[in-house]
Structures are given as C-alpha cells and as structure tokens.
Amino acid sequence: MLALLGLLTILALLGAILSKRVSPLVALIAVPTVAALAGGFGLKTSTFVVQGIQSVSPVVGMFVFAILYFGTMSDAGMFDPVIDRILGLVRARPARVAVGTLVLAMLAHLDGSGATTFLITVPAVLPLYDRLGMDRRVLACAAAMGAGVMNLLPWGGPTLRASAALSIPLTSLYNPMVPAHAVGILFVLAAAWRLGKREEKRLGLGRRDGAEQGIRRELSPEQEALRRPANFWYNVVLTVTVIGAMVSGMVEPVVAFMLGLVLALVVNYRSAEMQRARIESHAKAALLMAGILLAAGAFTGIMRGTGMLDAMAKAAVGALPGQMAGHIPFGMGLLSMPLSLLFDPDSFYFGVLPVVGEAVRAWGIPPVQVAQAALFGQMTTGFPVSPLTPATFLLAGLARVDLADHQRFSIPYLFAASVLMTLAAAAFGLFAV
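Residues numbered from 1 in each chain as written. Predicted model: local features only at pLDDT ≥ 70, side-chain atom pairs only at ≥ 80, totals over all residues. Heavy atoms only, no water.

### Observations concerning the overall build of the protein chain
What counts here: Secondary structure follows DSSP: runs of H or I at least 4 residues long count as helices, runs of E at least 2 residues long count as strands, and numbering of each begins at the N terminus. Put simply, the radius of gyration uses C-alpha atoms, and a globule should come to 2.2 Å times the residue count raised to 0.38. The buried label goes to any residue with under 20% of its type's maximum accessible area, the exposed label to any with over 50%, and the partly exposed label to all in between, with areas taken from a 1.4 Å probe on protein chains only. Two residues form a contact once any of their heavy atoms are found within 4.5 Å. With residues, only the protein chains shown are counted as cover, and all accessible areas are computed by Shrake-Rupley using a 1.4 Å probe. Only four residue types enter the charge count, namely Lys and Arg as positive and Asp and Glu as negative; His and the chain termini do not. The atom standing in for a charge is NZ when the residue is Lys, CZ when it is Arg, CG when it is Asp and CD when it is Glu.
Regarding its fold elements, the protein chain presents 20 helices and 0 strands. In terms of overall size, the protein chain behaves like a compact globule, its C-alpha atoms giving a radius of gyration of 22 Å where 433 residues would be expected to give roughly 22 Å. In terms of overall dimensions, the protein chain has a C-alpha envelope of 70 × 50 × 40 Å along the principal axes. The buried share of the protein chain, taken over its 433 residues, is 55%. Long-range contacts, defined as pairs at least 24 residues apart, comprise 81% of the intrachain contacts of the protein chain with a sequence gap of at least 6. Just so you have it, the protein chain exposes about 17900 Å², and 67% of that area is on carbon and sulfur atoms. The distance from the centre of the 31 positive side-chain charges to the centre of the 22 negative ones in the protein chain is 5 Å.

### Comments concerning a nonpolar patch on the surface
Quick note on the threshold: The patches reported here contain residues having more than 30% relative accessible area and no salt bridge. Joining distances are 9 Å for like charges and 5 Å for nonpolar side chains (Val, Leu, Ile, Met, Phe, Trp, Tyr). We define a salt bridge as a contact between a side-chain nitrogen of Lys or Arg and a carboxyl oxygen of Asp or Glu at a distance within 4 Å.
A cluster of nonpolar side chains, contributed by Leu4, Leu7, Leu8 and Leu11, occupies part of the molecular surface with about 380 Å² of accessible area. Assignment of secondary structure puts Leu11 in helix H1 (residues 2-19).

### Here's the deal with unusual backbone geometry
Residue Ser167 is not a glycine yet carries a positive backbone phi of 55°. Structurally, Ser167 is set in the loop between helix H8 (157-166) and helix H9 (170-174).

### Concerning the environment of His406
Relative to the assigned elements, His406 resides in helix H20 (residues 403-427). Placed 22 residues apart in sequence, His406 and Pro384 show a C-alpha to C-alpha distance of 9.6 Å. Those residues in contact with His406 that sit more than four places away from it in its chain are Ala140, Cys141, Ala144, Pro384, Val385, Thr392, Leu395, Val401 and Ile411.

### Quick notes on helix H6 (residues 114-132)
Our working definition: What a helix is expected to span follows from its residue count: subtract one and scale by 1.5 Å. The angle between axes fitted to the seven-residue stretch ending at a residue and the seven-residue stretch beginning at it gives the bend at that residue.
For H6, which comprises 19 residues, the first-to-last C-alpha distance of 26 Å matches the rise-based estimate of 27 Å (1.5 Å per residue) to within 8%. Leu126 marks the point of greatest bend in H6, at about 35°, and the proline Pro127 comes within the next four residues. Those residues of H6 lying buried are Gly114, Thr117, Phe118, Thr121, Val122, Ala124, Val125, Leu126, Leu128, Tyr129 and Leu132. Immediately downstream of H6, the backbone of Gly133 shows phi near 80°, a positive value.

### Some details on the confidence of the model for the protein chain
How we decide: Each residue carries a pLDDT value, the predictor's own confidence for that position, ranging from 0 to 100.
Overall, the predicted model of the protein chain reaches an average pLDDT of 85, with 93% of residues at or above 70. Mean pLDDT across the elements of the protein chain ranges from a minimum in helix H15 (residues 308-319), with 71, to a maximum in helix H7 (residues 136-150), with 95.

### Some details on the packing of aromatic side chains
The cut-off we apply is this: Note on aromatic pairs: the rings of Phe, Tyr and Trp (six-membered ring only in Trp) are paired at centre separations within 6.5 Å, and the planes decide the class, stacked below 30 degrees, edge-to-face beyond 60, tilted for the rest.
Applying the stated rule across the entire model yields 10 aromatic pairs. A centroid spacing of 6.1 Å and a plane angle of 70° characterise the contact between Phe41 and Phe48, whose relative ring orientation is edge-to-face. Looking at Phe48, the relative accessible area reads 10%, which means it is buried.

### Concerning helix H14 (residues 272-305)
Taking 1.5 Å of rise per residue, the 34 residues of H14 would be expected to cover 50 Å, yet its terminal C-alpha atoms sit only 44 Å apart, more than 12% below that figure. Along H14, the largest kink reaches about 50° and is centred on Ala283. Trailing H14 by a residue or two, Gly307 shows a phi angle of about 90°, which is positive.

So, in structure tokens, the structure goes:
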C-alpha cells in the first residue's frame, strides 16, 4: 500500500512540475502533504516536514551565502583582470577564441547561474566571432561546455539538490568526484581547441593572422562604481581560502561562505548602506533557490517519515535481479546527460533520485554512488542543451543560433564529456562498471 502511495506521489510530483501547472516549490510541498494526509498520517506530517527541513538546512545556508559571496566578488571586479586577459590573448586565432570562450564561461559560472554565465560570456566574444566569420555554433558549444562542467561544483544547483535529496554532506558527495571532474575539464578544453582548429582550417587562417588585437569589454558607470581594483589580490586570496577550507572539510561549507561574505563586504564595501545594496542585488536568485531546497526538504522528510521511500525501494529490490544492482551507478552515469532532456533538475533529483538511492541501499550499495553518477550529466553537462531550462534558450538567443542547430552541434560534445567522466570515475574506483 505504501509503495503504491509513494509511486503515485512521485508520478503526481513529476506531472505537476513537468506540466508547469504549478511552480516546483508548490509541488514539492503540496503533493507529499496531500499524500501523507491521504495515507492517514495526520498531524505527524508536520513532524516529518520539520525533520526534512532540518536535514537540508546546511545546504540551503551554503547556497545562499555562496551566491552572495560570488556576486559580491563579481561586483568588486575580482574576475575582471582574468576576463580582460582572456579577451586580449585570443586575438584572431579561432583556436584561441574557442578556448577563451570556454574558460570565460567557466569563470563566469562560479556563481552557479547559467543565465549570468551566458550574459557575461556571449556578448563579450560574439563581435570577435562575427569579425572572423567563425561559426556561432562553436560559440554556443564552447560556452555550454564551460558552464556544463562547472555546474558540478559543490555550490552548483544539481550538486546541492543531490545532497539535499539524499541527505549527503556536500564534501562526501563532491570530493571523491574531483579526479573525474578534472578529466571532464581537460576534455572540454581539448574539445574547444579542436573546434577552433577546425574553424581555422575552414576559414583558411594561419599563424600570421593573429596580429589583430582582441576586443575589450565596456563596463557601465554603475559597474565601474562598484569595482575595487585595489582589493584584487585580497579578494583572490580570500576566495582561494574559502574554497580550500570548504573542499578540505576543515570547515563546514556554510560557515566558510558565511565568514567569507562578511570579510568580502567589510573590506570592499565599508558602509552599511553599500553592504545592504550588494546583498539585495543578489538576494532574489539566492532566496528563490533556497525556497525550493527547503520545499525539497519537506518532500523528502515526508517521503522518508511515512515510509513511502522504503516501501518503494523494497518493491524495486524484489523486481530487479540482485546481480544487476552493482551496475546501476555506472548505468546512471551513462544515461545522466540524456536524462536532462526528459527531466528538469527538481523532478529528477527530488523525484527520481531518492527512489533509486533507497533501492541501491537495500542491495548494500551506498546511495552516494548513484548521486555522483547522476551529477556527471543530469543538468550539469546536460543543462545548456535541455529544453527544460530557460538558460538554454538564452544561450541560443544571445549567440543568434537556432535552438535545434545548437542542440545537434553541442549534444555530442556534452554527451562525450559526461561519458568520459563516468568512465574516469569507474577507473578511479568511485563505482563499479
């Protein structure tokens, strides 16, 4: 009975989110609450909700302060010298232009926002692509690869969702993935270089055609007023320290970004009014995601507290031969990128992943393995081509590329990156083949 109720709850959640009849936040709260009340759990439902929220509170706190921190650093101009250097070095060599586009997208994606990444990257390099006659699909693909591989970072949306859905500490989830993540980054760098070399051959450009200077960005007066070039090295050292402390596990991620934000605001924007303005300018994006994560905590709390997850997992164990259980994480990794075309991040990480995680737990496989496998593609490398994410349409629109052309051109490279990271993870012993 509980297994059937859980299945109906999952299907109702997926239908509500994918149909876009209600927002993910509303669906994550309303659907499991109705299911719990229908199952006869009454006022115990509120206890399950509180337990679920408590389990995700560190993740929510880290996300809020990470967004505020990187937003403040971007306002202060910490990334400007690197971005300007990239744009100055690429010149008229398509291979450099493609790699520069990818690196620029990787840097811009440190705040975890796909829309911000593409708004920074595409307008900065599009004039150079047009000047050289380069295929704009290369621009869209390079930006997509850069943003996609960086979406695996601990403060990226998919990683936060996976951590919250399975109640796994971020360091336990992400740190073992670092070697495979590094392989993915190296691959997209090589892929961008290959795309650029192919453009050089198509355009008939040689080494001597690189004399033309790169382009320069123009900042608005409002952006200039926020820049703090004198604090550049302080901001760099602070950022490296915050990320290092977080990844090392010496300090809880939420504490690292919380203290980092305080130090960033106090040094870069000393008046209370300026500090409040910087927080308010980035608060909307942070709070929208925080609300979804808290709602996800309520969903998982109800599903676990009522026993629906356990019941579904036991049913799955009975239906699937035990000898196949060890291959589930690897299979999840291979399918993770195409799943981005079918499931949006909320429906997958909060609807599908918990069920799979509980099922593999019954076979003695740590649920963290399926979470890690999913992160190698599901709304990481897959999000810049998924029709379920607004950022995909923004990227295609900014690059002036038809969406179908962008998908046909970019999906093979993004899928290859996902598969390669999955193979690397298996080679490094993260999970079995």
